[in-house]
Structures are given as structure tokens and as C-alpha cells.
Amino acid sequence: MLKNLNSKHIQRFSYKYLPQFPISPNSPKLGFSRSQIANYRSNFPTTIMSSSKTIVLRSSDGETFEVDEAVAVESQTIKHMIEDGCADTSIPLPNVTSKILSKVIEYCKKHVETPNADEKVAEEDLKSFDADFVKVDQSTLFDLILAANYLNIKSLLDLTCQTVADMIKGKTPEEIRKTFNIKNDFTPEEEEEVRRENAWAFE
Amino acid sequence: MTESDNAPGFSDLPEGCVTDILSITSPRDACRAASISKAFHSAADSDAVWDRFLPLDYPQVITRAVPPVVFESKKQLYHRLSESYIILDRGYLGLKLDRESGRKCYMLGARNLSIAWGGDTRYWEWGHSPESRFAEVGILRCVWWLDIQGRIASAMLSPKTTYVVYLVFRVTRDSWGLSAPGKTIVTFGGVRNETSNVYLQQPRTRGRPRTQAHTQTPRSDGWMEIKLGEFYYDNGDEGEIEMGFQEHHEYKGGLIVEGIEVRPK
């Protein structure tokens, strides 16, 4: 709609009208009453001048997600792609499945929506969201780490890494192997040697 | 490492992520993790992990060490620093790391303290002791007014830590008068904490024994210590901490002072 206007129109009208509402060249007269403006604005809360641009993300299994740009740029990777002009149609994310991508988007949305956690209530709300967010099965947790790493979302990477670190703390190597299904590829002699090097940690 | 075919696990993480995870555990956990598997061994021994466990200002601090500290990896440096004190500056400040947390510990040598009458050879002698980590220790011949004080700048300490202060000393076989009750003082941030009835030596009890907290306890390095007090340090430059022990009621002698130690609780 705005494409039909040239700069002449905009300059002529701007002094009279509030800059936030769209100007239609097809309107019968160029002035709107206060009540008309209020009515218009209440029906169109997101106006053209507030940049609520959306980005389309495509997961590895072909599903598309439309997200606000503000949410998408929580990922530094996506932010750079947009800045480099690679985001015209959609952004393909071949390393992230739809299941994980939808979780990542949920995380980013929550963190963008919460105002700069200055207020105690907002901060605690976010903390409890984060705590619930990582209550997932192990394979989802690792998928989230990989996604956060690939998409370069520092706060999500910190959160997921901290969760895994908490699962390691205080455990013996045998317990850790069991928890994460890790194969011990040391020979008994090699393992003994490593334990001796780090003897104090096993006291 | 093998997990079930489709589920991702540690083997799918880039080494950068594994070191990130290990660096937020603890030195003890990182050392244990080295024995999990070869991949963990490589990550757990990496400089990236141990760099996080060392104090932020360690490069500047270790250049002050005499003799210089030699190390091939950050893990090796961490172990060197947490094993025993390195001596800094003019030889009367020792620095160590608490092995579990990587927090800094300091020992102020006797020459670095303010000892009343310390310069008067009628009362105090200065000499070398083979068990000491410093060149000289203070040896009390005899004195009435025992007053030992030390100061340390808070900016030297590890942030967000509760520190405990100890007087490190020994008593000779022919010591006397050291069983009198003394007073300990720790002053920080305008708050002065005094504790009375602190004994350098267990008095020959006529009644019930004194509580352990207020008398000497043996240390692993062969010296004894008594607690002078504790304080919490948050961040930045919060001024100096003053620490001291006083006893003015008995004539005494036979005390050997190694220094004052400040270590995390």
C-alpha cells in the first residue's frame, strides 16, 4: 500500500497526521477525525511504522516457522545471515529438526518478551521458566546444546551446558559413564595411569 | 564412545562444548572426568578448562614469584599453585590456591607483620627455621606485651569468598606463659570483630577442657594455628583487612611465629 505513495505525498501529509497510522491513497479525504483514528488504531495494533518484521525459518525436516525478527536475532548466526542479506525468503537450518527448533523458538520468545530482568518478579519468572525448560530427556538436552551452539545463542548454550555440568558434578567416572552411556576406551593399565595422575581427586 | 544410534550424546558434541561443560564443574570433577574415556581425558586436561579454574589475575601474579614458576600446561600450573605456597615479592608473601575451588590463599610471613617490640633483640630474635617457607621466622625470647598484627588488601583476594584468618606458629619445648587467654581481632569494612579467651597453648586444665575452637590446632605442614576470625569479601577494592592477636597479661616466651594465613572457609 505504501508503495503507491511517493515521497511528495508523505511530506505533504506528515505535518497533519500522526506518523503511526498508514495513509491510504484511496481514502476519500485526507483528514481523519480523532475518533476515526482511534478506531483505526484499535483494530490494527501493530502498525506499519513499528518494525514487526517476521523471519521464516526452515528446519531440517522441511517444516517452516515464522517468527518475529526480534526473536530470531537472539541467534547470532541468524542475525548475521539477515545482515548479510541471506534472509529474503526463508532461512534454512539443516542442522536443526522441527522438534528442537520449536523448543529453541519457545526459549527465545520467552527471553525476548521478558523485559530486562530488573524487577524481581520478572527475574524469578524467567528463572523458573529456564528450570522447567531443561527438564527434558537426555537426547533432547544434547540436541539443544548442539542447536544452541550452531545457532550461537549464548544464554541457551550456558543454560544447557550448566544442566549437563550439574549432572556430572560429584559423580564417579563409572556413574558418569552409566548416565551418559559412554564407552570406556581405556585399557586397564591406561585407566590406572590416569587415576594415578589425578590421585587427589579420588580421595 | 557409543550410544544408541539415533540419540545424540557426548561424542556428538564438539570438544569446545565438552570443555565448556567441564570448566563449570570443579577441579575435582575435571580430574575425575579425565578417567572416563580418551576423549574426556583430552578435554579434561585441556588449557581451556584449567584456565577457568585459575584466578583471573594469575598471569600478573606468577610473574612476581621468586623463584619463577615453571609450567607446561595450565593444569600443571594449577597443581603447582595448589600444592604449596609460592613466594612473591620481597620474600614474605606466600600465595597458594585452594585446590577444591581455585580460590586464593595468602600467608604473610612474620617479617611482613607488625610485631610490637619486634625490632628489639631483647624481646624478639629473627632466624631461619628449616620448617619455614620463609627466610626468617620471629622467635619470642620474652615479652609482656604480645601484639602481632597483619594487613592485607582486599583487592588481592578472590571475590565472593568467606575467608578465615589464622596465626601460624609453634611453641618451643621451653616455652612459658603462653597459656594465658589472648584476644583476636579482625577488622574489615569498618566492622571490628574481637574474640576473647583464645589460647596459644592448651592451659593445664584444672577444670573442664577448653573448646577446640579457641586453642591451637595442628596443621599438615608441621606448624600450629589458631583462628583469629573470619570475614566475607565481595568484590573490587573494599580496603584492607587488619588481623591481630594480643595478650598483655602474662610474661611469656618461647613462641615462634611463621605468619598469618588467610584462606577460604
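Just above, that's the structure.
This section reports on the structure supplied with the text. (Residues numbered from 1 in each chain as written. Chains lettered and ligands numbered in written order. Predicted model: local features only at pLDDT ≥ 70, side-chain atom pairs only at ≥ 80, totals over all residues. Heavy atoms only, no water.)

### Brief notes about the overall build of chain A
Helix and strand counts for chain A stand at ten helices and three strands. If you list the helices and strands of chain A from N to C, you get α-α-β-β-α-α-β-α-α-α-α-α-α. Split into buried and exposed, the 203 residues of chain A put 34% on the buried side. Summed over its atoms, the accessible surface of chain A is roughly 12800 Å², and 51% of this surface lies on carbon and sulfur atoms. (Helix = DSSP H or I, 4+ residues; strand = E, 2+ residues; numbered from the N terminus. Buried < 20%, exposed > 50% of the residue type's maximum accessible area, 1.4 Å probe, protein only. Areas by Shrake-Rupley, 256 points an atom, 1.4 Å probe, with all protein chains shown as cover.)

### Here's the deal with the sheet that holds strand 9 (residues 181-188) of chain B
All names here are of chain B. Here five strands make up an open sheet; going across it, the order is 4-7-13-9-10 and the pairing antiparallel. One side of each edge strand has no neighbouring strand; the edge strands of this open sheet are strand 4 (114-115) and strand 10 (191-199). Looking at chain direction, strand 7 (residues 146-153) and strand 13 (residues 240-247) are connected through eight bridges and run antiparallel. What sits directly across from D147, in strand 13, is Q246. (Pairing = 2+ DSSP bridges.)

### Topic: the packing of aromatic side chains
Residue and element names in this part refer to chain B. Counting across every chain of the model gives 14 aromatic pairs over all chains. Seen from their ring centres, W117 and Y123 are 5.4 Å apart, and the 65 degrees between their planes marks the pair as edge-to-face. Overall, the relative accessible area of 47% leaves W117 in the partly exposed class. A centroid spacing of 5.8 Å and a plane angle of 20 degrees characterise the contact between Y163 and F231, whose relative ring orientation is stacked. With Y163 in strand 8 (residues 161-176) and F231 in strand 12 (residues 224-233), this residue pair connects regions lying 68 residues apart in the sequence. (Phe/Tyr/Trp six-rings, centres within 6.5 Å; stacked < 30°, edge-to-face > 60°.)

### Examining the pattern of salt bridges
Residues and elements named next belong to chain B. With the rule as written, the count across this model stands at 36 salt bridges over all chains. One salt bridge connects R111 with E136, and the closest N-O pair in it is separated by 2.7 Å. With R111 in the loop between strand 3 (104-109) and strand 4 and E136 in the loop between strand 5 (124-127) and strand 6 (137-140), this residue pair connects regions lying 25 residues apart in the sequence. With a closest N to O distance of 2.9 Å, R219 and E225 form a salt bridge. The same class applies to R219 as to E225, namely buried. (Salt bridge = Lys/Arg side-chain N within 4 Å of Asp/Glu carboxyl O.)

### Let's talk about the sheet that holds strand 2 (residues 64-68) of chain A
If you walk across this open sheet you meet the three strands as 2-1-3 (chain A), and the pairing is mixed. On the outer flanks of this sheet lie strand 2 and strand 3 (91-92) of chain A, each paired with one strand and no other.

### Digging into the interface of chain A and chain B
Opposite the 36 residues of chain A that make contact, chain B presents 33 residues. Buried surface at the junction of chain A and chain B, summed over both partners, amounts to about 3100 Å²; 66% is from carbon and sulfur atoms. The three residues of chain A that bury the most area against chain B are F142(A), I182(A) and W200(A), which together make up 22% of that side's buried surface. Taken together, the links from chain A to chain B amount to one salt bridge. (Contact = heavy atoms within 4.5 Å. Buried area = accessible area lost by both parts, 1.4 Å probe.)

### Describing the packing of helix 5 (residues 98-113) of chain A against helix 8 (residues 154-168) of chain A
Helix packing geometry: the angle between the two helix axes and the distance between the axes. All names here are of chain A. Contact geometry for helix 5 and helix 8: axes closest at 11 Å, N-to-C directions at 115 degrees. In terms of axis orientation, helix 5 runs roughly perpendicular to helix 8. In this structure, the crossing between helix 5 and helix 8 has a hand that is right-handed. In this structure, helix 5 contributes V104, Y107 and H111 to the contact, and helix 8 contributes S155, L156 and L159. Its residues placed into classes, the contact of helix 5 with helix 8 shows four nonpolar, two polar and no charged. (Axes fitted to C-alpha atoms, helices over the stretch in contact; angles between N-to-C directions. Parallel < 35°, antiparallel > 145°, perpendicular 65-115°, else oblique. Left-handed = near helix turned anticlockwise from the far one by under 90°. Nonpolar A, V, L, I, M, F, W, Y, C, P; charged D, E, K, R; others polar.)

### Some thoughts on the pairing of strand 1 (residues 54-58) of chain A
All names here are of chain A. Burial along strand 1 is one-sided: I55 and L57 are buried, and none of T54, V56 and R58, which face the opposite way, are. In the sheet, strand 1 pairs with strand 2 via five bridges, with the strands oriented antiparallel. Considered in strand 2, the bridge of V56 is made with E66. Hairpin remark: strand 1 followed by strand 2, antiparallel, with five residues in the connecting loop; positive phi at G62, about 85 degrees. Two elements, strand 1 and strand 3, share two bridges in a ladder whose sense is parallel. Residue pairing in the sheet places L57 in a bridge with I91 of strand 3.

By themselves, these are just geometric observations and shouldn't be taken as functional.
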